[in-house]
Amino acid sequence: MKYYIDTLKGVMVTTRHLVKNVLRREKAGVVTVEYPEKKLTYRPNFRGLHRLTRRPDGTPKCVACFMCETVCPAYCIHIEAEESPDGRIEKRPKVFVIDELRCVVCGLCVEACPEDAIRMDTAVHPPPATGRDEFLYERDVLMSHKGAGPEPPAASGGGRRR
Amino acid sequence: MHTALVLLLAAVKAGAILAAAMTAGALLTLVERRLSAMIQDRVGPNRADVTLAGRRFTMGGLLHPMADGVKMLFKEDFIPEGANRFIFVLAPFVVMFFTLATFSVIPFGDVLDLSAIGLGLVPLQIADLNVGLLFAMAVASLAIYGTVLAGWSSNNKFSLLGGMRAASQLVAYEAVMGLCLVGAVMVFGTASLKGIVDAQAGTVLGFLPRWGVFVQPLAFLIFIVAAIAESKRVPFDIPEGESEIIGYFIEYSGLKFAMFFLGEFIEVALAAIMMTVVFFGGWHIPWVDPANYGTAAPWVIGIAGLAGVFAGAVAAWGHGSRLMGAVIALGGCGAVCAAGALAFAPLPGWIAGCGVAAAQVLVFVGKAAVLTWLQFMVRWTLPRFRFDQLLAIGWKKLVPWSLANIVLTGAVLLWVTS
């Protein structure tokens, strides 16, 4: 007999949740975000897909110093340098490839960059693809990504966002 | 009346009840998932959709049973190596067949007088056996063979163990179920389900409906436990134990697995229906004398319609399913209109009779729905029993109680009649 009463008490608890959730779902305990329809906005320091920032004339800020490639713990960055036509800048990247499948999203490349040339402020994930090759992001693709936050001052160097 | 007409009527009734049972089983899979989600503060399945004119319609997840059915249909139909192919294929059919066969003796409503249009008296029941209760018990216990055969024929020791657990559990609770129904048969004086329902009209002590639950409360408490155990669901789901202890249908896939699964949900509905028939007065409208059902029917249909409108409003407002909400609300409004017509319009007697029958079936389905809901709530409230606890509850608690119930009922009957 006691067991029946205890079971009924338990059923009351579950019924309370049920009624609460049926009648007013927004205020009730449901924390699920129905993803494709609703998307959470990320915090500003979220590390998303990489991008290469540009100078005002559209050329990459990157000076092919290899700092990011050196610091990368996953060895996912590949850079080939070439001489820059601009006299004040020594080098520029001829090839700049990030393997987003190998990337561990640690953000060390952003920390290491002396020129504020690589950033992870796009607030998006690498989109799904059908082959591994499609996750090799080339220089021009990386340059085409847009930052999600406000653009920092155009002056080169020291533009680290905190 | 012509024999062919009788056969045709029986076939129509059987088809309607079969369709209703299968639909109920499919819908209950969705109800189970949505209900458990609501209980556990989740959202539940709401993704299956159709796109009409560029808009997505999910209908509150109502398409999930259909999507599941299509998925199950196209899954690989796997038969393990070394399995007894014939019995392996037979087992799910055994479960389904005997579960559905039980519906043939369930009275869903009173006898409907259609002699005005040449159909004679139509009982809303496929067959009124004078041993209907025994037939239901016997056929339901034959369904156990399906689980045991499935466990044995799979050539898998885990499924064999699951089948053995199912056998010992179901035998224990089958005995309990039979014994606690003995008291009900003693009180109502018949084993025909129609007779049992008829005996539950009127009131006891002046204010309680003369239902089995009020004249046989102990039997009801025992029966609901046994019924949940019979349907092999939590807290008695040791035969299956999908999540950790492997159950008897481990080797089944595709549509055969779906048949076991669907059979289980139909068993839940069947347990609720048996409880409705034996303990909740079947299709009787509570507190209304059977002679006055003609005046009560519009009220029942109208209240059901208003409930439909309310459910539609909740569905549309709370869960973003505008289409389903609109459909339910429209159906409810239609029912309200029908109730109004039934109450005020001068209708031929047989249409009014159909209205009464509809009200009876609505009352029946409503009672069964509440009892199904109760079973679902218990299923999502309690954790699973240990196997020794389960057998101890069955043999050491419920069997003596139901025996005591028989003795008590006999004593009270003697005292009342003498």
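Higher on the page you've got the structure.
First, a word on what this report is: a plain description of the structure on this page.

## Examining the overall build of chain A
Scanning chain A from terminus to terminus reveals four helices and five strands. Counting every position in chain A, which comprises 162 residues, the buried fraction comes to 35%. By sequence separation, contacts in chain A at least 24 residues apart represent 65% of the contacts at least 6 residues apart. Accessible surface, chain A as shown: approximately 10700 Å² in total, 58% of it carbon and sulfur.

## Points about the environment of Phe310 of chain B
Residue and element names in this part refer to chain B. Examined against the element boundaries, Phe310 turns out to sit in helix α10 (residues 293-318). Residue classification places Phe310 among the exposed positions, given a relative accessible area of 55%. For the pair Phe310 and Gly332, spaced 22 residues apart in the sequence, the C-alpha separation amounts to 8.4 Å.

## Quick word on the packing of aromatic side chains
Residues and elements named next belong to chain B. The tally for this structure, following the rule as stated, stands at 20 aromatic pairs over all chains. Here Phe97 and Phe98 contribute two aromatic rings whose centre-to-centre distance is 5.0 Å and whose plane-to-plane angle is 75 degrees, an arrangement assigned as edge-to-face. Ring centres of Phe249 and Phe260 lie 5.7 Å apart, and the angle between their planes is 45 degrees; on these two criteria the pair is classed as tilted. Placement of the pair is Phe249 in the loop between α8 (217-230) and α9 (254-279) and Phe260 in helix α9, with a sequence separation of 11 residues. Across this residue pair, the class does not change: Phe249 and Phe260 are buried. Connected via pairs of aromatic rings, a cluster forms that spans Phe88, Tyr248, Phe249, Tyr252, Phe257, Phe260, Phe261, Phe265 and Phe376. A cation sits over an aromatic face here: Arg379 above Trp380, 4.0 Å from the ring centre.

## Overview of the layout of surface pockets
In this structure, the largest pocket spans a volume of roughly 2300 Å³. As for the largest pocket, its lining consists of 50 residues, of which Leu27, Leu28, Val31, Val365 and Ala369 of chain B are closest to the centre. Secondary-structure elements contributing two or more residues to the lining of the largest pocket are α1 (2-23) of chain A together with α1 (3-39), α9, α10, α11 (322-344) and α12 (349-379) of chain B. A per-element tally of the lining of the largest pocket places α1 of chain B first, with 15 residues. Its volume calculated, the second largest pocket comes out at about 810 Å³. Lining the second largest pocket are 36 residues, and of these Thr29, Met72, Phe261, Leu262 and Phe265 of chain B sit closest to its centre. Every element with two or more residues in the lining of the second largest pocket is listed here: α1, α2 (64-74), α3 (85-101) and α9 of chain B. Among the elements that make up the lining of the second largest pocket, the one with the highest residue count is α9 of chain B (eight residues). When grouped by side-chain class, the residues that make up the lining of the second largest pocket number 21 nonpolar, three polar and 12 charged.

## A closer look at the pattern of salt bridges
Oppositely charged side chains may form a pair once their charged atoms are brought near each other. Overall, the coordinates contain 16 salt bridges over all chains when judged by the stated rule. Among the salt bridges present, the one from Lys256 of chain B reaches Asp77 of chain B, with a minimum N-O distance of 2.8 Å. Of this pair, Lys256 of chain B sits in helix α9 while Asp77 of chain B sits in the loop between α2 and α3, and the two are 179 residues apart along the sequence. Relative accessible area serves as the criterion here: at 7%, Lys256 of chain B is assigned to the buried category. Across the salt bridge formed by Glu264 of chain B and Arg233 of chain B, the nearest N and O atoms sit 3.8 Å from each other. Linking Glu264 of chain B in helix α9 with Arg233 of chain B in the loop between α8 and α9, this pair joins segments that are 31 residues apart in sequence. Exposure class is identical for Glu264 of chain B and Arg233 of chain B. Each is buried. Three or more residues are tied together by salt bridges with common partners; here these are Arg51, Asp116, Arg119 and Asp121 of chain A.

About the thresholds
The numbers attached to residues start from 1 for each chain and follow its sequence in the written order. Labels are handed out in written order, letters beginning with A for the chains and numbers beginning with 1 for the ligands. In keeping with the model being predicted, local features are shown solely for residues with a pLDDT of at least 70 and side-chain atom pairs are shown and tallied solely at 80 or more, while totals for entire chains, interfaces and linings include all residues. By convention in this description, side-chain values take in all heavy atoms of the structure and omit both hydrogens and water. Only DSSP runs of H or I covering at least 4 residues are called helices, and only runs of E covering at least 2 are called strands; the numbering of each starts at the N terminus. Classification of residues uses two cut-offs on accessible area relative to the type maximum, computed with a 1.4 Å probe and protein chains only: under 20% is buried, over 50% is exposed, and between them is partly exposed. The contact criterion used is simple: two residues touch if any of their non-hydrogen atoms lie within 4.5 Å. We get accessible surface area from the Shrake-Rupley algorithm with a probe of 1.4 Å; when it comes to residues, only the shown protein chains can shield them. Any Phe, Tyr or Trp ring, taking Trp's six-membered ring, that has another such ring centre within 6.5 Å forms a pair; planes under 30 degrees apart are called stacked, those over 60 apart edge-to-face, and the others tilted. Whether a charge lies above a ring is judged from NZ of Lys or CZ of Arg, which has to be within 6 Å of the ring centre and within 35 degrees of the ring normal. Here a cavity denotes grid points, spaced 1 Å and computed from the protein atoms alone, that fit a 1.4 Å probe unable to get out, and a pocket denotes an open set having protein on both sides within 12 Å along at least 5 of 7 lines; residues with an atom within 4 Å of a point are the lining. Grid points are joined across faces, edges and corners, and a volume is the space filled by probe spheres set on the points. When residues are sorted by character, Ala, Val, Leu, Ile, Met, Phe, Trp, Tyr, Cys and Pro go into the nonpolar class, Asp, Glu, Lys and Arg into the charged class, and all the rest, Gly among them, into the polar class. Here, a salt bridge means any side-chain nitrogen of Lys or Arg that lies within 4 Å of a carboxyl oxygen of Asp or Glu.

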